[in-house]
Amino acid sequence: MSATGTCEYQPKDYKSDLKPIWCPGCGDFSVVQGIYRALAAIGRAPHEIAFVSGIGCSSRIPGYTTAYGFNSVHGRALPIAQGIKLANPDLLVLAAGGDGDGFSIGGGHIAHLIRRNMDITYIVMDNQIYGLTKGQLSPTSQKGRVTCTSRFGSLENPVNPLLYVLAYGAGFVAQASPTDLVGMAATIEEAIRYPGFAFVNIQSPCVTYGEEAQQIKGLKAISESLAGLGHNPADRLAAMDLAQHYGEKLHLGVFYRNPEPPPTYGDLVKERQALLSKDALPKERILDLFIKK
Amino acid sequence: MAMRGIDFAKLSLMDALDLAILVEDEAQERYEEFAAQMDLHRTPDAAKFFRYMVENEAKHGRELSARRVQRFQDAPMAVSRTMIYDIEAPDYDAARAFMSPRKAMEAALASEVKAHAFFEAALPSLKDAEVHALFAELRDEEILHQTLVKAELAKLPPDSGLSDEDFVDEPAPQ
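These lines cover the structure that appears in this document, whether it is placed above or below. (Residues numbered from 1 in each chain as written. Chains lettered and ligands numbered in written order. Predicted model: local features only at pLDDT ≥ 70, side-chain atom pairs only at ≥ 80, totals over all residues.)

1. Regarding the overall build of chain A
At step 1: Secondary structure summary: chain A contains 9 helices and 8 strands in total.
At step 2: For chain A, the spread of C-alpha atoms along the principal axes amounts to about 70 × 55 × 40 Å.
At step 3: The buried share of chain A, reckoned over its 293 residues, is 50%.
At step 4: Residue pairs at least 24 apart in sequence account for 68% of intrachain contacts in chain A once pairs closer than 6 positions are excluded. (Helix = DSSP H or I, 4+ residues; strand = E, 2+ residues; numbered from the N terminus. Buried ≥ 20, exposed ≤ 12 C-beta atoms within 10 Å, placed from the backbone. Contact = placed C-beta atoms within 7 Å.)

2. Section: the overall build of chain B
At step 1: Helix and strand counts for chain B stand at 4 helices and 2 strands.
At step 2: Its helices and strands taken in sequence order, chain B reads β-α-α-β-α-α from the N to the C terminus.
At step 3: Across its three principal directions, the C-alpha atoms of chain B cover 55 × 35 × 25 Å.
At step 4: Within the span of chain B, comprising 174 residues, buried residues form 37% of the whole.
At step 5: Put simply, 78% of the contacts in chain B that link residues at least 6 apart link residues at least 24 apart.

3. Overview of the interface of chain A and chain B
Buried accessible area, meaning the area lost when the parts come together, often serves as the stated size of an interface.
At step 1: Counting from both sides, the interface comprises 22 residues of chain A and, opposite them, 19 residues of chain B.
At step 2: Elements supplying a minimum of two residues to the side of chain A that touches chain B: α1 (28-42) and α6 (181-193) of chain A.
At step 3: Looking at the side of chain A that touches chain B element by element, the count peaks at 5 residues for α1(A).
At step 4: When the residues that make up the side of chain A that touches chain B are grouped by side-chain class, the tally is 14 nonpolar, 5 polar and 3 charged. (Nonpolar A, V, L, I, M, F, W, Y, C, P; charged D, E, K, R; others polar.)

4. Observations concerning the sheet that holds strand β6 (residues 198-203) of chain A
Residues and elements named next belong to chain A.
At step 1: In space, the 8 strands of this open sheet follow the order β2-β1-β3-β4-β6-β5-β8-β7, with mixed pairing throughout. Of all strands in the sheet, those with a lone pairing partner are β2 (68-71) and β7 (223-225), marking the two edges. Taken pair by pair, the neighbouring strands of this sheet meet at an average axis angle of 20 degrees, ignoring direction.
At step 2: Helix α5 (residues 161-168) rests against β4 (120-126), β5 (172-176), β6 and β8 (250-257) of the sheet, and its axis sits at about 170 degrees to β5. (Pairing = 2+ DSSP bridges. Axes fitted to C-alpha atoms, helices over the stretch in contact; angles between N-to-C directions.)

5. Structural notes on the packing of helix α3 (residues 101-122) of chain B against helix α4 (residues 129-154) of chain B
All names here are of chain B.
At step 1: Look at α3 against α4: their axes get within 9 Å of each other, and the N-to-C directions meet at 165 degrees. One element, α3, and the other, α4, form an angle in the roughly antiparallel class. For the element pair α3 and α4, the recorded crossing hand is left-handed. Note on element contacts: α4 touches α3 through F135, L138, R139, E142, I143, H145, Q146, V149, K150, E152 and L153, opposite R102, M105, A108, L109, E112, V113, A115, H116, F119, E120 and A122.
At step 2: Along the lines of polarity and charge, the residues of the contact of α3 with α4 split into 12 nonpolar, 3 polar and 7 charged. (Parallel < 35°, antiparallel > 145°, perpendicular 65-115°, else oblique. Left-handed = near helix turned anticlockwise from the far one by under 90°.)

6. Examining helix α8 (residues 236-243) of chain A
Residue and element names in this part refer to chain A.
At step 1: Within the sequence span of α8, burial applies to A239, L242 and A243. One side of α8 holds all its buried residues, which, seen down the axis, span an arc of 100 degrees. Every exposed residue of α8 that faces more than 90 degrees away from the buried side is listed here: L237 and D241.
At step 2: The inward-facing, buried residues of α8 contact α5, β5 and β8. (Arc of directions from axis to C-beta.)

7. Remarks on the environment of A:I188
At step 1: Relative to the helices and strands, A:I188 resides in helix α6.
At step 2: On the basis of neighbour count, A:I188 is assigned to the buried category, with 27 C-beta atoms found within 10 Å.

8. So, the pairing of strand β1 (residues 49-53) of chain A
All names here are of chain A.
At step 1: The buried count for β1 comes to 5 of 5 residues, which makes it a mostly enclosed element.
At step 2: Burial along β1 is two-sided: I49, F51 and S53 facing one way and A50 and V52 facing the other are all buried.
At step 3: Pairing of β1 with strand β3 (residues 92-98) involves 5 bridges; the strand directions are parallel. The partner of V52 across the bridge, within β3, is A95.

9. Looking at the environment of A:V159
All names here are of chain A.
At step 1: For V159, the location among the structural elements is in the loop between β4 and α5.
At step 2: Expressed as a C-alpha distance, the spacing of V159 and S138, which sit 21 residues apart in the sequence, is 9.3 Å.
At step 3: The residues contacting V159, other than those within four sequence positions of it, are F103, P139, T140 and Y164.

10. Some points on the packing of α1(A) against α6(A)
Packed helices, taken two at a time, are described by the angle their axes make and the gap between the axes.
Residues and elements named next belong to chain A.
At step 1: The geometry of α1 relative to α6 is characterised by a closest axis approach of 8 Å and an angle of 50 degrees between their N-to-C directions. What the angle tells us is that α1 and α6 run oblique. When the axes of α1 and α6 are compared, the crossing they make is right-handed. For the pair α1 and α6, the contacting residues are S30, Q33, G34, I35, R37, A38, A41 and I42 in the first and L181, M184, A185, I188, E189 and I192 in the second.
At step 2: A breakdown of the residues in the contact of α1 with α6 according to their chemical character gives 9 nonpolar, 3 polar and 2 charged.

Structure follows, in structure tokens:
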């Protein structure tokens, strides 16, 4: 408690007693540190935060925080996060998962959270492989990639997560990497503060099944700060232009932040509730709605 | 390694001592994490060495804390862990399942080199004479720490020339 009577949280306040079981050297160790730091900067109490994930290595992340967590169903982190946010709009809701969880089995959900502008921050730990199941092609694996499910090289083009969410109209789109933890924490913090759907793609290396070029050293070699390039995050078309370099360059920072965020779905629901509440029936007469007069 | 929101030119002795304590605290915590990772991945020799580093970092932290209390008692800390990252703590990327004790020690040595470089680089920006003296002392201590790790490395039998990767099975389809 500070002298002004407000609570001040430290990153350790968001760290649970569970020990991560990721492979030593995994990029996700840095990601969880970035999340602790971002949450400390936001300053919400752990019990005011709900953290939902899908299935995969990275989806273990809610368990390593002191927030309420739900390691849910493969690809279904977003619908569950949406339900939580609608049921309790005061909660800070985070969703997380891997590239397979988010852009393959769960790929259909992203568009709908974006068009509704749900006030949720979605963090994808993108390692271009299904690591937990021992190295199969994922939706972001590069064309030609040799894995146990593509012995002669992948014939498919990868999904570009940045263009994907920008095209659907996400209000906040950013990319980060464990090559710059301070920048990653700041980016996650900014995403959480954005009033609406915010997406952060984190290039998080898989040390066991990832290729050499995708490890920290390789990522550092292709990293470029968007702020350093003079990119204006209010310019959506410039963001889309830069996002096309996904896979060749690692642009770090905010691609797009809507300078005039539209109302969130939660705001619209509140508005509608206020409008209809005048004519609303008392609870004991609610079934009258279904009785023909 | 990185720092956020610290103006070295205005750094007071109390803040400098607190930062030094936080640097040791971060390194201790990271070595604890590494030891736990090695236990989990059946790499006991590396775990043992990382625990040795935990004790070392804790010892340095205690020494600095005692100096801080002696000089500034329980005055509230004005700096926090969010301001520092990876100053003396080994990079997360330095750990590997089945890493040899040699690799573990090399990771620790690289961290001590990194910490030395940090204090060395900060020195020209420091204006306060006492803070300058403290950072110079901490920089020199990093050389001592390097010597300690090198001594541990020297106790190891000669390297077999095999890589840790030689003992890891190829990924197999399920």
